[in-house]
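So you can see what is in the structure, the chains are spelled out below.
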Amino acid sequence: MSVRVRFAPSPTGYLHIGGLRTALYNYLFAKNQGGKFILRIEDTDRSRFVENAMEGLIEILNWAGILFDEGPGVGGDYGPYIQSERLEIYKKHANLLLEKGNAYYAFDTSEELEAMRKKLQEKGLNPKYDRKTMKNQFTLSETEVKQRLNSDEPYVVRLLVPDNYKVHFNDIIRGDITVDSSEIDDQVLLKSDGYPTYHLANVVDDYLMKITHVIRGEEWLPSTPKHILLYEAFGWDLPKFAHLPLLLNKDRSKLSKRQGDVAVEDYRQKGYFKEAIINFVALLGWNPTGDREIYDFQELIDSFKLEKVNKGGAVFDIEKLNWMNFQYLMKKDTKELAIQFKTILIGKGYPEFSNDYLEKVIKVHRERVTFLHQILDFCPYMFQKPEKFDKEYFEKYWKDYSLAILKELLIKYSKIDNFVHDDLHKATLETASERGLKLKDIIHPLRLVITGRSAGAGMFETMEILGKNECLSRIQYFIDNYEKNTLVF
RNA sequence: GGCGCAUUCGUCUAGCGGUUAGGACGCCGGCCUCUCACGCCGGUAACACGGGUUCGAGUCCCGUAUGCGCUACCA
């Protein structure tokens, strides 16, 4: 039987970074097994429905490269893939359970349920539905039940959990788990608004969509026994289960909005590469060997093993993500980066530079930043003439002979036809030794003149990229303003 | 409260009965150097605790502690 897995988000907002990892693990597993990855939208809670959330989810999944084989928009043989379009299917299955005696009608109001729970809790008991005292098929007469059903009176369908029964299942990640049925609540299956709850819809759809492996977050582990009971009631074979460890905040609570960004979109906006995010998130809770960090998408697919997924939760450490982003910044093709960077520059109102120029700038500056867009902050002087000069740097390295040297260099540089690193280096070194100075005695003032700053890439490679005209013009500008005492610091 | 799941350096992890407990991020130091970085070299730091089982336990079993999750007509 070929592997089929699904990612089943609820369209209640943006895609959470934890959701991304769940989707990713499903995807990696499917592709590793030569199976299918399905997207199913679980929009059975009308009160939490967010307009366009589904579109956002799909968009960001596509961006990340987690492409689904079946789902909204792409179709498939087991649709529809949006649960609100499958209401009749759930109703039919709820009726099936009703007929088989595995489910029953209940008529309690939310106030009555609340009062019941409060009472049980005060007694220190498990606050689960008390079938024997509440308003339902078992406590009401047959005629009253019929009457209520025929009237407009709201009702729900609940799962009849058998007494004295041990529910067993095996989790690929956690092993055998057994729960006593006395711990399991008579879960509502069909809500009074006619929509199914997660539990019913999920089980029915997983079965009908021929899902072979249910890979989901650990928060679902406690309700899995309910699902097992449902499969058994229907007489269906169980899929395999794998419950993933949670992603955690620094304080080890479940990853949440309060302590930093959780939306994948936020990270995209900040300039993280999708490759870095995927690589990083994949390694939170799973590692093929433990002695390697960088894996491309295909390598992740090839080495993915559900059995190797960890049991314990993993803290989301932004420092390591940053490091990983840097790794990809260094690794990526500069042609691709130049195109991205051009968009960034234009967005900030800069004129259009040639791809060739941008590539050169990126090549020498990327090792100094974490994000591509930071190159602009690091060396704005590569895109416009410096107008302000670092005062501290000036005071530290500007000597009484510096102006004379600058004038000499201006002449010397103007005679260099091939304005490249080696020739610039040679010419400057010459000037230095003629005056009994060290190269750095000249380079520092020169850096100030050319860039206005103390930090930057190698001086001569910077000058080579800027070009002869630009460099000469900057030196001239500095000399003029220095002599007129109009330099701005 | 009840039930469940978990627990190796600060963080992500390797380990699947015998290891000087390995790698990575971060941090610290050094080298390189025209600055800032990159890079390279080195250092820091962990098996939650207590009992078993065993010749031998981070690895297996049982407790305890701690953390997290669930306990809805939310997913």
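Residues numbered from 1 in each chain as written. Chains lettered and ligands numbered in written order. Predicted model: local features only at pLDDT ≥ 70, side-chain atom pairs only at ≥ 80, totals over all residues. Heavy atoms only, no water.

**Student:** Where do I start with the pattern of salt bridges in this structure?
**Tutor:** Where side chains of opposite charge bring their charged atoms close, a pairing between them can arise. By the definition in use, this model includes 33 salt bridges. Asp193 serves as the salt-bridge partner of Arg46, at 3.0 Å between the closest nitrogen and oxygen. Highlighted residues: Arg46 in the loop between β2 (36-39) and α2 (53-64) and Asp193 in the loop between β7 (188-190) and α6 (198-208), separated in sequence by 147 residues. A residue is classified by how much of its surface remains accessible, and Asp193, at 34% relative accessible area, is partly exposed. Two residues, Asp261 and Lys270, come together in a salt bridge whose shortest N-O distance is 2.6 Å. One connected set of salt bridges, linked through shared partners, spans Arg6, Arg40, Glu42, Arg86, Asp205 and Asp206. (Salt bridge = Lys/Arg side-chain N within 4 Å of Asp/Glu carboxyl O. Helix = DSSP H or I, 4+ residues; strand = E, 2+ residues; numbered from the N terminus. Buried < 20%, exposed > 50% of the residue type's maximum accessible area, 1.4 Å probe, protein only.)

**Student:** Mind showing me how you'd approach the pairing of β2 here?
**Tutor:** The side chains of a regular strand alternate between the sheet's two faces. Pairing between strand β1 (residues 4-7) and β2: 4 bridges, direction parallel. When the sheet's bridge partners are listed, Val5 is paired in β2 with Phe37. Following the backbone out of β1, through helix α1 (residues 17-32) and into the adjacent parallel β2, one traces a crossover that is right-handed. (Pairing = 2+ DSSP bridges. Right-handed = clockwise from strand over helix to strand, strands pointing away.)

**Student:** Please explain the nonpolar core as it appears in this structure.
**Tutor:** Taken as a class, soluble globular proteins show a tendency for nonpolar side chains to be buried jointly. Ranked by internal contacts, the top residues of the largest apolar core, which has 113 residues, are Ile17, Ile66, Phe383 and Tyr413. Looking at this core, the element that brings in the most residues is α1, giving 9 residues. Counting 36 residues, the second largest nonpolar core, distinct from the first, contains Phe107, Leu189, Ala201 and Leu229. (Core = buried A, V, L, I, M, F, W, Y, C linked by side-chain atoms within 4.5 Å.)

**Student:** How do you make sense of the protein's contact with RNA strand B when you look at a structure like this?
**Tutor:** Around RNA strand B, 64 residues are found, and the nearest of them are Asp45, Gly285, Glu367, Arg368 and Gly456. Within 4 Å of the protein, atoms of RNA strand B come from sugar and phosphate in 72% of cases. In this structure, a sugar or linking oxygen belonging to RNA strand B sits 2.6 Å away from a side-chain N or O atom of Arg174. In the model, a phosphate oxygen of RNA strand B is placed 3.2 Å from a nitrogen or oxygen of the Tyr198 main chain. Mapped by element, the contributors of at least two residues to the surface near RNA strand B are α4 (110-122), β4 (156-159), β11 (314-315), α11 (318-331) and α18 (439-451). (Near = heavy atom within 4 Å. Polar contact = N/O pair within 3.5 Å; in protein donor to acceptor, adjacent residues only side chain to side chain.)

**Student:** I'm lost on α6 in this one. Help?
**Tutor:** Structural remark: α-helix, 3.6 residues per turn; residues separated by three or four positions point the same way. Across the 11 residues of α6, 9 count as buried, placing the element largely inside the fold. Among the residues of α6, Tyr198, His199, Leu200, Ala201, Asn202, Val203, Val204, Asp205 and Asp206 are the ones counted as buried. Here the buried face of α6 lies against β1, α3 (87-100), β7, β8 (213-217) and α7 (224-234). Two residues or fewer past α6, Lys210 is found with a positive phi of approximately 55°. (Contact = heavy atoms within 4.5 Å.)

**Student:** Help me out: how do you make sense of the domain arrangement of chain A in this one?
**Tutor:** A common way to report how large an interface is uses the accessible area buried once the components associate. When its domains are assigned, chain A resolves into domain 1 (4-71 + 199-248), domain 2 (89-196), domain 3 (257-328), domain 4 (332-374) and domain 5 (385-483). Placing a centre on the C-alpha atoms of domain 4 and another on those of domain 5 gives a separation of 25 Å. Facing 6 residues of domain 4, the contacting portion of domain 5 comprises 6 residues. Taken over both partners, the interface formed by domain 4 and domain 5 buries close to 480 Å², and the fraction arising from carbon and sulfur atoms is 70%. Among the residues domain 4 hides against domain 5, the three largest losses belong to Tyr357, Val364 and Arg368. Together they make up 70% of the total. Viewed at the interface, domain 5 and domain 4 are joined by 0 salt bridges. For the interface between domain 4 and domain 5, the tally reads 1 residue pair in polar contact (both at pLDDT 80 or more). For the side of domain 4 that touches domain 5, the per-class residue count stands at 3 nonpolar, 1 polar and 2 charged. (Domains from an automatic or database assignment. Buried area = accessible area lost by both parts, 1.4 Å probe. Nonpolar A, V, L, I, M, F, W, Y, C, P; charged D, E, K, R; others polar.)

**Student:** I'm lost on the side chain of Arg474 in this one. Help?
**Tutor:** Turning to its location among the elements, Arg474 is positioned in helix α20 (residues 468-483). Reaching out from Arg474, the side chain makes a polar contact with the backbone oxygen of Tyr381 at a distance of 2.8 Å. When neighbours within four sequence positions are excluded, Arg474 is seen to be in contact with Tyr381, Gln384, Lys385, Pro386, Val449, Ile450 and Leu466.

**Student:** Would you mind going over the pairing of strand β5 (residues 166-171) with me for this structure?
**Tutor:** Across the two faces of β5 the burial differs, with Val167, Phe169 and Asp171 buried and Lys166, His168 and Asn170 not buried at all. Of the pairings in the sheet, the one linking β5 to strand β6 (residues 175-180) comprises 6 bridges and is antiparallel in character. Among the inter-strand pairings, Val167 is bridged to a residue of β6, identified as Val179. Connecting β5 to the next strand, β6, in antiparallel fashion are 3 residues.

**Student:** Before we go on, may I ask you to explain the sheet that holds β4 in this structure?
**Tutor:** Two strands in a sheet stick together by hydrogen bonds in their backbones, pointing the same way (parallel) or opposite ways (antiparallel). Taking strand neighbours across the sheet as the criterion, the 3 strands line up as β3-β4-β7 in an open arrangement whose pairing is antiparallel. This sheet does not close on itself; its edge strands, each paired only once, are β3 (103-106) and β7. Averaged over all pairs of adjacent strands, the angle between strand axes in this sheet comes to 45°, irrespective of strand direction. The pairing of β3 with β4 spans 4 bridges and is classified as antiparallel. The partner of Tyr104 across the bridge, within β4, is Arg158. Seen against the sheet, α3 touches β3, β4 and β7 and runs at an angle of roughly 105° to β3. (Axes fitted to C-alpha atoms, helices over the stretch in contact; angles between N-to-C directions.)

**Student:** Looking at this structure, I do not really get the packing of aromatic side chains. What am I missing?
**Tutor:** Each aromatic ring pair is described using two quantities: the centre-to-centre distance and the angle formed by the ring planes. Throughout the structure, instances matching the rule amount to 28 aromatic pairs. Considering the side-chain rings of Phe341 and Phe383, the 5.7 Å spacing of their centres and the 55° angle between planes classify their relative orientation as tilted. Remark: Phe383 occurs in the loop between α14 (374-378) and α15 (391-397) and Phe341 occurs in helix α12 (residues 334-347); sequence separation between them is 42 residues. In this structure, Phe341 and Phe383 share a single accessibility class: buried. A ring pair is formed by Phe389 and Phe478, whose centres lie 5.1 Å apart and whose planes are at 85°; its orientation type is edge-to-face. With Phe389 in the loop between α14 and α15 and Phe478 in helix α20, this residue pair connects regions lying 89 residues apart in the sequence. For the pair Phe389 and Phe478, a shared accessibility class is recorded, and that class is buried. Ring pairs connect the aromatic residues Phe389, Phe394, Trp398, Phe478, Tyr482 and Phe489, which therefore count as one cluster. Here the basic side chain of Arg21 rests over the ring of Tyr25, its NZ or CZ set 5.2 Å away from the ring centre. In this structure, Arg148 is placed above the aromatic ring of Phe107, and the distance from its NZ or CZ to the ring centre is 5.3 Å. (Phe/Tyr/Trp six-rings, centres within 6.5 Å; stacked < 30°, edge-to-face > 60°. Lys NZ or Arg CZ within 6 Å of the ring centre and 35° of its normal.)

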